[in-house]
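Structure at a glance
So the chains spell out like this:
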Amino acid sequence: MPCSSGLNSEKKRLIKPDLYLEVRLFLLHDRGLHAGGKIGFVPMAAPLAAAVGALQEFKDKAMANADPSTPPPQWSSELRSWVSLLLFAHLFALFVAVTTYTRPSALQSTLHGLFAPYLRNLHLTASGVSYPFARYYLTHASESDLDFSCEVDVTNPQGEADKVLLPPEGLWPPIRTRRYQNLVNAVGTLAAGGEANDQYSSVLPKAIAGSIVREHGAKQGIFRCRSTFLPDIENMADVKAGRRKLQENTVYEAQVFVSPNSVELLKKSQRLEVAPVEKSPPKRPGSSQP
Amino acid sequence: MMQAISDYFARLTAAIGQGWTRFWFTPSDPATLSVIRLLTGLVVIYLHATMLPDLVPLFGSGGLLPATEIAPLDAESFSYLNYLSTPGELWTIHLIGLAVLILFTAGFWTLPTGVLSLAVLLSDIHRAPMLTARAEPVAVLVLFYLWFAPCGQTLSLQSLLRRRRQTPGQSAAASAGDALSTLATISTRLIQIHLALLVAMMGLSKLASEAWWNGSGVWWLISRPESQLIDLTWLSETPKLIDAWTHLVVLFELAFPLLIWIPLARPLVLAAAALAWTSLAILTGEIPFALMLAIASLAFVSPRIVRACCARAPATVRPAAESLARAHG
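A short tour of the structure in this document, coming up. Note that the coordinates shown come from a computational prediction; the quantities given were computed from them, not determined experimentally. (Residues numbered from 1 in each chain as written. Chains lettered and ligands numbered in written order. Predicted model: local features only at pLDDT ≥ 70, side-chain atom pairs only at ≥ 80, totals over all residues. Heavy atoms only, no water.)

**A few points about the overall build of chain A**
The secondary structure content of chain A amounts to nine helices and five strands. Starting at the N terminus and ending at the C terminus, chain A contains elements arranged as α-α-α-α-α-β-β-α-α-α-β-α-β-β. Counting every position in chain A, which comprises 290 residues, the buried fraction comes to 46%. Sequence separation of 24 or more characterises 59% of the internal contacts of chain A that already satisfy a separation of 6 or more. (Helix = DSSP H or I, 4+ residues; strand = E, 2+ residues; numbered from the N terminus. Buried < 20%, exposed > 50% of the residue type's maximum accessible area, 1.4 Å probe, protein only. Contact = heavy atoms within 4.5 Å.)

Written out as structure tokens, the structure is:
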């Protein structure tokens, strides 16, 4: 039964705001608001209706044994059944999103693919994207769990050389610097992924370098992304005393050629020595460095 | 025998159904949600407003991140910012978004402004997810569950204006009348469950790395020069402290999703959460992330406590809080 009628203004005033919302949410007819009245729904698929019917029966049985001290629900049994169905679907999607975050099985990946449009558009999942934009594990001490930096060497038409660094310094508030750091870390993470990430690793360098080279009125430049070794705990004293320098590595380097309509990258090094925090099992703090 | 099995399953289904109904559909006071709305709104305003200076350098025509060029990284998610490139368009739409967020935070028409606030935040994220970190997903989850709840009933300019239009007697009656809401319960429960799942995911995903088993996880965070909030590398002199910190982070993140549901343990777990989120801010330098976790954790705080705090609030808030407290006995 198609539902197009709205609530009249008198009834709008009489009902509570959340009940009014409930009506709008589920496109109920206004007669559904009367106690004991029937509620009209938009046409529904037969299996869905069967599921709701079963849920309702289940809930009716449950309510027969309800604890008399529990405050009575405000909603009708039928509405609760519909909402329960939505809640169940949403929670299942969430559960899939959470459990596929690390090392998903084929089944989990398939299920995640099923819910992906819902989860991704609402930003409820961190799985199945091209790079880990939110590392809830904070660090796995892997070669991409580092802070990277990028630079673009460019020579303008007057022949003056310039070097543009990312993230830029001196931004306020600090979250702005952090955003640029996130961007640069994404570049480094994709580059550190090696050949598996080949289709993605040039996307950001191309966009960033193309923009900077064009801004300087130049036709070519060099883009580099670097990472810095993290110091082992037992070497920190040496680092602080200046006896040991933190080693830097270039994880991505490319020549950039800019024409009015396109940007081309000529990758110099696909993957140079990526600064490893640890190559194989991480060392325990206090253990000697090999 | 068959009768006994049948009886058992009948009792089981009845108990589950009863529990489900009580858990999700018992009307509750939306006071806590109002506080969550206010605080989340402030964080989201901060996240949105601080993008203003970088809008054109990043998203403008000739900017660092043209929508078409970065599309291969995340082409499936919608953002209205993908269709804007001139400085005028970007600034205008961004300022309108800011106005929407301010209205929602202030508690004006929280249903439409809540939906629009969610759209604003999601568009900011989806335009360039590589600029975001961990705070944004937590803010999204809270906003997603707030918009349909009556989170503007208290601590809002709308409620203030409503009270000014009413006589004292009417005000008390109206406040008592609209205090309990099923949508408030559903919203609160969803925030609680989602937060518990998120923290469980944080804990379980750490177990995939040896660094969190051997005690070095915290060290790899505090030794990152660009991310640290304060320099804690002097802790290298006390490696056992770093070990303990690492193990406590994992222990807490695994225990929180379980213990938070036990009413008797909840105050202690929330106190531990306050410490844990503060330590996360120190370790990662991500203050908005820690703040959002703390704000989402408020969903586990009883509305009575919130009311009690409101009763000590300035005079503009007190009358409504007191009338609601009376309504709840």
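**What to know about the nonpolar core**
It is characteristic of soluble globular proteins that their nonpolar side chains tend to be buried jointly. Membership of the largest hydrophobic core comes to 152 residues, with the highest contact counts inside it found for Leu204 and Phe223 of chain A together with Leu65 of chain B. When residues in this core are grouped by element, the largest group, 12 residues, is from helix α10 (residues 182-206) of chain B. With near-sequence residues (within four places) excluded, leucine 204 of chain A lies in contact with Leu183, Ala186, Val187 and Leu190 of chain A together with Leu65, Ile70, Leu73 and Met130 of chain B. (Core = buried A, V, L, I, M, F, W, Y, C linked by side-chain atoms within 4.5 Å.)

**Remarks on unusual backbone geometry**
In most cases, non-glycine residues show a negative phi, while peptide bonds are predominantly trans. Cis geometry marks the peptide bond from leucine 166 of chain A to proline 167 of chain A; its omega dihedral reads 0°. Take proline 167 of chain A: it is sitting in the loop between β2 (161-166) and α6 (174-192). Look at the link from tryptophan 172 of chain A to proline 173 of chain A: it is a cis peptide, with omega at 0°. Inspection of the secondary structure puts proline 173 of chain A in the loop between β2 and α6. If you check the backbone angles, tryptophan 109 of chain B has positive phi at about 40° while not being a glycine.

**So, the interface of chain B and chain A**
Contacts between chain B and chain A engage 93 residues on the former and 83 residues on the latter. Both faces combined, the contact of chain B with chain A buries some 8,100 Å², and carbon together with sulfur accounts for 66% of it. Looking at the side of chain B facing chain A, the largest losses of area belong to Leu64, Leu73 and Trp220 of chain B, adding up to 10% of the total buried there. At the junction of chain B with chain A, the criterion picks out two salt bridges. (Buried area = accessible area lost by both parts, 1.4 Å probe. Salt bridge = Lys/Arg side-chain N within 4 Å of Asp/Glu carboxyl O.)

**A few points about the pattern of salt bridges**
Taken as a whole, this structure holds 12 salt bridges over all chains when the rule is applied. In this structure, the salt-bridge partner of lysine 163 of chain A is glutamate 151 of chain A, at a minimum N-O distance of 3.3 Å. One end of the pair, lysine 163 of chain A, is in strand β2; the other, glutamate 151 of chain A, is in strand β1 (residues 148-155), with 12 residues separating them in the sequence. On the basis of relative accessibility, which here comes to 43%, the residue lysine 163 of chain A falls in the partly exposed class. A relative accessible area of 8% means that glutamate 151 of chain A is categorised as buried. Of the charged contacts, one joins glutamate 286 of chain B and arginine 134 of chain B as a salt bridge, the two residues approaching to 2.7 Å between their closest N and O atoms. Residue glutamate 286 of chain B is located in the loop between α13 (266-284) and α14 (287-297), and its partner arginine 134 of chain B is located in the loop between α6 (110-127) and α7 (135-146); the two are separated by 152 residues in the primary sequence.

**Details of the side chain of aspartate 147 of chain A**
Position of aspartate 147 of chain A among the secondary structure elements: in the loop between α5 (106-121) and β1. Within the structure, aspartate 147 of chain A has its side chain in polar contact with the side chain of asparagine 185 of chain A (distance 3.4 Å). Reaching out from aspartate 147 of chain A, the side chain makes a polar contact with the side chain of arginine 224 of chain B at a distance of 2.9 Å. Not counting residues within four places of it along the chain, the set of residues in contact with aspartate 147 of chain A comprises Gln181, Asn185, Arg226, Ser227 and Thr228 of chain A together with Arg224, Pro225, Glu226 and Ser227 of chain B. (Polar contact = N/O pair within 3.5 Å; in protein donor to acceptor, adjacent residues only side chain to side chain.)

**Some remarks on a nonpolar patch on the surface**
A surface patch of nonpolar side chains, about 770 Å² in accessible area, is lined by Met1, Met2, Ile5, Tyr8, Phe9, Leu12 and Ile16 of chain B. Take isoleucine 16 of chain B: it is sitting in helix α1 (residues 2-25). (Patch = residues over 30% accessible without salt bridge, like charges linked within 9 Å, V, L, I, M, F, W, Y side chains within 5 Å. Areas by Shrake-Rupley, 256 points an atom, 1.4 Å probe, with all protein chains shown as cover.)

**Some words on the side chain of threonine 139 of chain A**
With respect to the secondary-structure elements, threonine 139 of chain A resides in the loop between α5 and β1. When neighbours within four sequence positions are excluded, threonine 139 of chain A is seen to be in contact with Asp145 of chain A together with Trp212, Gly217, Trp220 and Leu221 of chain B.

**A short note on the pairing of strand β3 (residues 220-228) of chain A**
All names here are of chain A. Summarising the sheet, β1 and β3 pair through seven bridges and their orientation is antiparallel. When the bridges of β3 are listed, valine 152 appears paired with phenylalanine 223. Of the strand pairs in this sheet, β3 and strand β4 (residues 248-258) are connected by nine bridges, and their pairing is antiparallel. Across the sheet, residue arginine 226 finds its bridge partner in β4, namely threonine 250. (Pairing = 2+ DSSP bridges.)

**Here we look at the pairing of β1 of chain A**
All names here are of chain A. Of all eight residues that make up β1, six are buried, and the element is covered over most of its length. When β1 meets β2, the two strands line up antiparallel, connected through six bridges. Pairing of cysteine 150 across the sheet is with leucine 166, part of β2. Between the antiparallel neighbours β1 and β2 lie five residues, among them glycine 159 with a positive phi of about 90°.

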